[in-house]
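Next come the chains, spelled out residue by residue.
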Amino acid sequence: MEKMSGYAFVAAMLSTGLATIAYLAYAISGLRAARMQTAGMPMNTGTLGFVSGRYTPAIGRYATMLGWLATLALLAGLIFRAIATKHGPFANMYEFSLAFAFGVLVTYMVFERRYHQRILALVALPVAAAMMAYASTIPSTIEPLVPALQNNLLLTVHVAVAIVAYGSFAIAFAASLLYLLQGRWALVAGGMLVLGILGAPTGLLLSGGNITGLLGGLLGGGLLGGLLGYAAHWAGLGKSFEGEASGRWGLPKPQVLDEIGYRAVVVGYPFLTLTIILGAVWADTAWGTYWSWDPKETASLVTWLIYGTYLHARVVRGWRGDRAAWLLVLGFVATLFTYFGNLFFGGLHSYSGLG
Amino acid sequence: MVQEAGTPPLETASVPAAGAMDRVDNVLERLWHLLTSMRVAMIIMLLIAVMGVIGSLVIQMPTGVGDDPQARIDWLNGIRPRFSLFAAQTDIMNSLQLFEVFNSFVFRILIALLTVSLIACSLHRIPGLIRTATKPRVDVGAPFFQHAPQHETIVARQTAADAQALVTGVLKRRGYRTLSAEDETIHVYGDRWRWMQFSGLIGHLSLVVIMAGAIIGGVAGYRDQDFSIAEGATRVVGTNEGLSVKLTDFTVTYDQITDSPSDYASSVILMKNGTEIDRHVVRVNDPLRYGDLTFYQASYGSAAQMTIKDAGGKLLTSEGVPFSWQLNDGKRSLGILSVPGTNYTLWVIGTGGNADTRVRPGQVEVQAFNNSGASSNTPIDDKVLDQGKAATVAGMAITFDRESQYTRLTVARDPGVMLVWLGSLLLFVGFALRFMLPHKRVWGRITTRSSGAIVSMATLAQKDAAISTDFEDLVNDIRTALQAPVQA
Ligand code: HEM
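Residues numbered from 1 in each chain as written. Chains lettered and ligands numbered in written order. Predicted model: local features only at pLDDT ≥ 70, side-chain atom pairs only at ≥ 80, totals over all residues. Heavy atoms only, no water.

A. Examining a nonpolar patch on the surface more closely. Residues and elements named next belong to chain A. A grouping of Met1, Met4, Tyr7, Leu72, Leu75, Ile79 and Ile83 is seen on the molecular surface, where their side chains present a nonpolar patch of about 680 Å² in accessible area. The set of elements that each furnish at least two residues to the nonpolar patch consists of helix H1 (2-38) and helix H2 (56-85). Per element, the largest residue contribution to the nonpolar patch is four residues, and it comes from H2. Inspection of the secondary structure assignment puts Met1 in the segment before H1. Looking at Met1, the relative accessible area reads 44%, which means it is partly exposed. (Patch = residues over 30% accessible without salt bridge, like charges linked within 9 Å, V, L, I, M, F, W, Y side chains within 5 Å. Areas by Shrake-Rupley, 256 points an atom, 1.4 Å probe, with all protein chains shown as cover. Salt bridge = Lys/Arg side-chain N within 4 Å of Asp/Glu carboxyl O. Helix = DSSP H or I, 4+ residues; strand = E, 2+ residues; numbered from the N terminus. Buried < 20%, exposed > 50% of the residue type's maximum accessible area, 1.4 Å probe, protein only.)

Spelled out as structure tokens, the structure:
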């Protein structure tokens, strides 16, 4: 069973990689069509503002199939592993990272079905792929549960609920990035995205496979890219695209992305709430205290407060739009910190076998 | 005009100089606006989040250390080397309460502000919510049907009354409650899940319930996180209820392959005024409960089994002394025992390992202190004992029998915990319902024209750029109903 789950994970990683390439091809094909349309050629413009070329829909369908394949392979891998370990995917970072990746994949696929915005995959799938890549660098041995983790059902539910929340927040993050990419912050966000994505593997390499290196590279690269982008914006390279009716560069309309971000948070927020509550119940039975300001607990509370603020931002004038989208980016950074928290801070949650 | 819930409060008009009472009123009014402002609430939430970030990045004092001045100084000295960018860094951080963020003055103020704001907001919203649920405005005026976020107009062949019947029929089929009013035009109102507006309110107020529970737990609760007992020893619970706990056995089970602990089991006997009332094997996830008092497995360690007799050979005590402290050298462990029936406190110091030349493995050092003596800080006697050989320390015959184990339990009583769980339940259910069953309202206006009627529909819900909204579906249904062939 353990072997089979290993094979399934490899299959999932491969198909996620292929799916990412297919989605990229889909996006480029759409972008090309958009170019040609601006150049005056007739093209099909979808109701949602996405322009498509001749092969675009076919590429999109293949991408979707590969996406589902990756999701199912990962699910199979998780199930095989659960059978082998006789517990849910919560005993170490390896299991939990794969569960996180699954959460991102499955929420993305569900959102794609509902909103038909394949472009989101360009952010969501790399997040899932990064999680799987990270999992493949850490030990996957099955170890007996330490006593505090022997409360099976509660923990399984705790983690299952958490990955839905994290997956939804990843989608909201993808939507907000694509939103910001089109606004006057395009250069800043673009710079952050590009240098952040480049910085993460660099950091991982430089630190010899250390997660702190990965996040350091991500944050450092993102910061640098943001600064460069801002400098470029300041130098007059970018202009404000706000208020335009259709999306830029073949991307979905900003309003569509705003809406998807909100829908994703509406799903994720109650699940995060439940995650925190179940965590408190577990802490109370295991350690006799439902809240101890353990760094991981604190980080989850911070995340919860940021998304709570976001939900308010959506209805307050002056906070809608740009600022709300930034809250989603911030929220996802907090989500990652919550998730990787025990690697930085230690504390009660440092059971993961790596802390 | 119908006001959307959550729109920011109107600016208070500046009141011309008036009497003192008016000024007080004015101040109170401004305060009320601040407390019910969503902008202010968002800023408070983000500030609390910032405190959270600081609190998880900067090392925090363990609970209890802050209340004990000496423990605080020791703890600060312990971390000083880590915060030595400049000389006074640790002390400045200490006075800014950065090592106790969640007990800090600023944090408490923020939580208090949030609580007051939550209550104010809720009170502020209740009348409006009740009004929309029980006495909604049916006639909203013609301009609304041109300015609402979503609005549609359908030309119908039917008479106004027939069109009205069809419109309300569609609304009812979709689960709406409908109300109508009639003057020269017909006004239709439909809503769904009108009581679900209150679930958002419950979600917000549940946070107040949780905080009340936390405060009650903090004020009226009891907590001893360092309830260490060695095997064979009995320890009195500090709640002054005559309770004591005896540890008969402590077992750690190790996994055979990985050698990591897989189970900690403390077999304990709970006694009240000396008589046994319960026996339990305390494990992680399986605490001992007595009334509202709970004993949790926290950790364990080694202990020294000591036998102590007085000068006449009478047994004073024979018990395990937990090595639950550490000497400042960071190597030797320390157990503290106050000898029953005497004024003496013994420090039992374990070996620092093979490199320790003073206390070798298999030995303990015993320092005796006189509690009532003038210089209770310096030992009156100090000897290193070999295992199994009695020696005389401060006039007592003391034997280090063998090494054993101790368990550390957490003893807790939290009268606020039920409120916390109740609040948590309401929090989850409240917001989940609010999102799953959102309150929906539509208005219709039906006017007669020469050969039929004009049906206008409108809602306050925003248009959704991504998918078709309920309103659009609803209007489609109504259009279909109105265009169906009229029966002969
Ligand atoms: C930690 C504190 C808070 C949390 C977690 C929180 C959470 C939420 C959530 C999840 C919603 C969306 C659900 C709904 O629409 O009912 C919401 C809406 C709302 N909140 Fe809060 N809230 C908090 C504090 C406050 C405070 C202090 C105020 C008062 C100023 C406030 C006022 C509102 C209002 C008026 C809405 C309705 C917005 C609308 O029209 O949809 N909230 N809140």
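B. Highlighting unusual backbone geometry. All names here are of chain B. Even without glycine at this site, Gln97 takes up a positive phi of about 60°. Position of Gln97 relative to the elements: it lies in the loop between helix H4 (89-95) and helix H5 (105-134). Phi angles above zero are rare outside glycine, and Asn240 is one such case at about 55°. For Asn240, the position within the fold is in the loop between strand S5 (234-236) and strand S6 (243-254). Judged by relative accessible area, which is 75%, Asn240 ranks as exposed.

C. Representation of the side chain of Ser37(B) within the structure. All names here are of chain B. Mapping Ser37 onto the fold places it in the loop between helix H1 (20-35) and helix H2 (38-57). Within the local environment of Ser37, its side chain forms a polar contact with the backbone nitrogen of Arg39, the two atoms lying 3.1 Å apart. A distance of 3.1 Å separates a polar side-chain atom of Ser37 from the backbone nitrogen of Val40. (Polar contact = N/O pair within 3.5 Å; in protein donor to acceptor, adjacent residues only side chain to side chain.)

D. Structural view of the sheet that holds S6(B). Residues and elements named next belong to chain B. The strand order across the open sheet built from four strands is S5-S6-S7-S8, with neighbouring strands paired in antiparallel fashion. The open sheet is flanked by S5 and strand S8 (275-282), the only strands paired with a single partner. Each strand axis lies, on average, 25° off the axis of its neighbour in the sheet, ignoring direction. Of the pairings in the sheet, the one linking S6 to strand S7 (residues 261-272) comprises eleven bridges and is antiparallel in character. Bridge pairing links Lys246 to Ile269 in S7. (Pairing = 2+ DSSP bridges. Axes fitted to C-alpha atoms, helices over the stretch in contact; angles between N-to-C directions.)

E. Representation of the interface of chain A and chain B in the model. Across the boundary between the two partners, chain A contributes 50 residues, which contact 49 residues of chain B. Counting the surface lost from both chain A and chain B, the interface buries some 4200 Å², and carbon and sulfur atoms represent 73% of this. Linking chain A to chain B there are zero salt bridges. At the surface where chain A touches chain B, the tally comes to one residue pair in polar contact (both at pLDDT 80 or more). Listing elements by their share of the side of chain A that touches chain B, those giving two or more residues are helix H3 (93-115), helix H8 (254-287), helix H9 (295-313) and helix H10 (322-345) of chain A. (Contact = heavy atoms within 4.5 Å. Buried area = accessible area lost by both parts, 1.4 Å probe.)

Keep in mind these numbers describe shape, not what the thing actually does.
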